[in-house]
Amino acid sequence: MNTADFIFQKTTKTVEKATYTWQTPSNIALVKYWGKSEPQLPKNASISFTLNNCHTTTTIEFERKVNQEKSISFELFFEGKKKDEFKPKIAKFFERILEYCPYISEYNMTIHSENSFPHSSGIASSASGMAAIAMCLISLEKELTPNLPEDFYTQKASFLARLGSGSASRSIEGPLVVWGKHPDIEGSSDLFGVKFPYKVHPVFEDYQDSILLVDKGEKQVSSTVGHNLMYNHPYAEQRFKQANENLQKLSVILQEGSIKDFINLVESEALTLHAMMLTSNPYFILMKPNTLEIINKIWEFRAQTNSNICFTLDAGANVHVLYPKAEKQRVDDFINTELLKFCQKNHYICDNTGVGAQAL
Ligand code: PMV
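Note that the structure is predicted; figures quoted are calculated from it, not measured.

## Re the overall build of the protein
- Helices and strands together make up the secondary structure of the protein, namely eight helices and 14 strands.
- Against the 2.2 N^0.38 benchmark of 21 Å for 360 residues, the protein shows a C-alpha radius of gyration of 20 Å, consistent with a compact globule.
- With respect to the three principal axes, the spread of C-alpha positions in the protein is 70 × 45 × 40 Å.
- For the protein, contacts bridging at least 24 residues in sequence account for 75% of all contacts bridging at least 6.

Shown next as structure tokens:
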């Protein structure tokens, strides 16, 4: 598929009024995307677990304009309240995708959105949020042009979500999604995410992610600023190469079930992401003292018990604790007795891998 394939082909069909609701999850990258070029194309391929419990639910009501005025018009409600301060980001997204979805300018849109996780918990809501809007638009598009293959709609939803936030391209399907062209991943593309196309070893099925909320504050580095740090970064080219190599290795690990190698690769990816921020200019430390306390406790626990627990990090201080389902009870006990004291207000979220967007 090329970018031009995603341009809407007008038909004679019209839809006067429609309402769609979608629930779309957040995701956690195992091999990280950090660095992009215009228009939101990744410098390296990445792979993530799609989550299940951390999600956004969005309803869009479309009402065809009576006048023929062609401008983007929408109202935005977040958790039941009108949120004009969130509008510029969404407006920018709509402008960016207008080329591919020109029909949006023919409607007055009312958007209602809410997250299952607390706002400003440090859990990125842009991935799940942009994916939910993309799914609602694709539902309308499906009514306007109903006869295209199902795959096309899924790819276009991911393509649109990507233009809102790169990682959102990985929030349409699950439980493992690759975004970015990679020679070892059949069907992979820089334009949209694809489901990991190979059979995954049962040990990675229903994988668990307990998200320890170390710092619920607003992000210290927005992702736009963050990705821009990779321009002129002294280690950028080596990093992009390493990420692609790591994805190649992880593809084999996921198929063979070599969990010790999984742990090593995933933790190294997390620390490398933060190393990129430590070594950029301007430089940032996004981990907090409690992030390090938790990492050290995880390492101690693993050494003492031979558990398969490991961690990964986003561009923030929260720690995602990953482990196989078979270890749930043991890890839960460990989190409750040893790690909760490092979380803000003892707060953590139990999640696991999920299948992606769901129509409600
Ligand atoms: O999608 P963005 O632009 O918010 O970037 C996300 C970057 C990381 O979350 C740090 C890594 C990733 O691959 O999700």
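Back to the text.
## A few points about the domain arrangement of the protein
- Domain boundaries assigned for the protein yield domain 1 (3–198) and domain 2 (206–352).
- With 35 residues of domain 1 at the contact, the number on the domain 2 side is 43 residues.
- Here domain 1 packs against domain 2, burying approximately 3,300 Å² in sum over the two surfaces, 66% of which is carbon and sulfur.
- Contact with domain 2 buries surface across domain 1, with Leu30, Lys32 and Trp34 losing the most and accounting together for 25% of the total.

## What about the pattern of salt bridges?
- Taken as a whole and judged by the stated rule, the model has 15 salt bridges.
- Note that Arg96 and Glu38 form a salt bridge whose closest N and O atoms lie 3.4 Å from each other. In this pair, Arg96 sits in helix α1 (residues 87–97) while Glu38 sits in the loop between β2 (36–37) and β3 (41–42), placing the two residues 58 residues apart along the sequence.
- On the basis of relative accessibility, which here comes to 28%, the residue Arg96 falls in the partly exposed class.
- Here Lys70 ties to Glu106 by a salt bridge, and the two come within 3.9 Å at their closest N and O atoms. You can see Lys70 sitting in the loop between β4 (46–64) and β5 (73–78) and its partner Glu106 sitting in the loop between α1 and β7 (107–115), a full 36 residues away along the chain.
- It is possible to trace a salt-bridge network through shared partners that takes in Glu16, Arg64, Lys70 and Glu106.

## Quick notes on the pairing of strand β10 (residues 208–212)
- Judged by how many residues are buried, β10 sits mostly within the fold: five of five residues are covered.
- Side-chain alternation along β10 places Gln208, Ser210 and Leu212 on one buried face and Asp209 and Ile211 on a second face that is also buried.
- Relative to strand β12 (residues 319–323), β10 runs antiparallel, the two being bridged by five bridges. Pairing of Asp209 across the sheet is with Leu322, part of β12.

## Details of the nonpolar core
- Counting residues in each nonpolar core, the largest one holds 78 residues, and the members touching the most others are Leu30, Ile47, Phe94, Ile97, Tyr103, Leu250 and Phe262.
- When residues of this core are sorted by domain, at least three fall in each of domain 1 (3–198) and domain 2 (206–352).
- Apart from the residues lying within four places of it in its own chain, the contact partners of Leu30 are Ile47, Ser48, Phe49, Leu176, Leu250, Phe262, Val266, Glu269 and Leu322.
- One finds Ala270, Val331, Leu340 and Cys343 within the second-largest nonpolar core, a separate group that totals 23 residues.

What counts and how
- The written sequence of each chain sets the order in which its residues are numbered from 1.
- Confidence filtering applies because this is a predicted model: local features only for residues at pLDDT of at least 70, side-chain atom pairs given and counted only at 80 or more, and all residues used for totals across whole chains, interfaces and linings.
- Side-chain descriptors were evaluated using all non-hydrogen atoms of the structure, hydrogens and water having been removed beforehand.
- A run of DSSP states H or I qualifies as a helix once it reaches four residues; a run of E qualifies as a strand once it reaches two. Both are numbered from the N-terminal end.
- C-alpha atoms define the radius of gyration in this analysis, and the globule rule sets the expected value at 2.2 Å times the number of residues to the power 0.38.
- In this analysis, two residues are considered to be in contact whenever any of their non-hydrogen atoms come within 4.5 Å of each other.
- An automatic or database domain assignment provides the domain bounds reported here.
- Joining two parts hides part of their accessible area as seen by a 1.4 Å probe, and the buried area is that hidden amount summed over both.
- For salt bridges, the criterion is a side-chain nitrogen of Lys or Arg within 4 Å of an Asp or Glu carboxyl oxygen.
- Summary of the burial criterion: residues with accessible area below 20% of their type's maximum are buried, those above 50% are exposed, and those between are partly exposed, where the area comes from a 1.4 Å probe applied to protein chains only.
- When DSSP finds at least two bridges between two strands, those strands are taken to pair.
- In this text, buried Ala, Val, Leu, Ile, Met, Phe, Trp, Tyr and Cys residues form a nonpolar core when linked through side-chain atoms within 4.5 Å.

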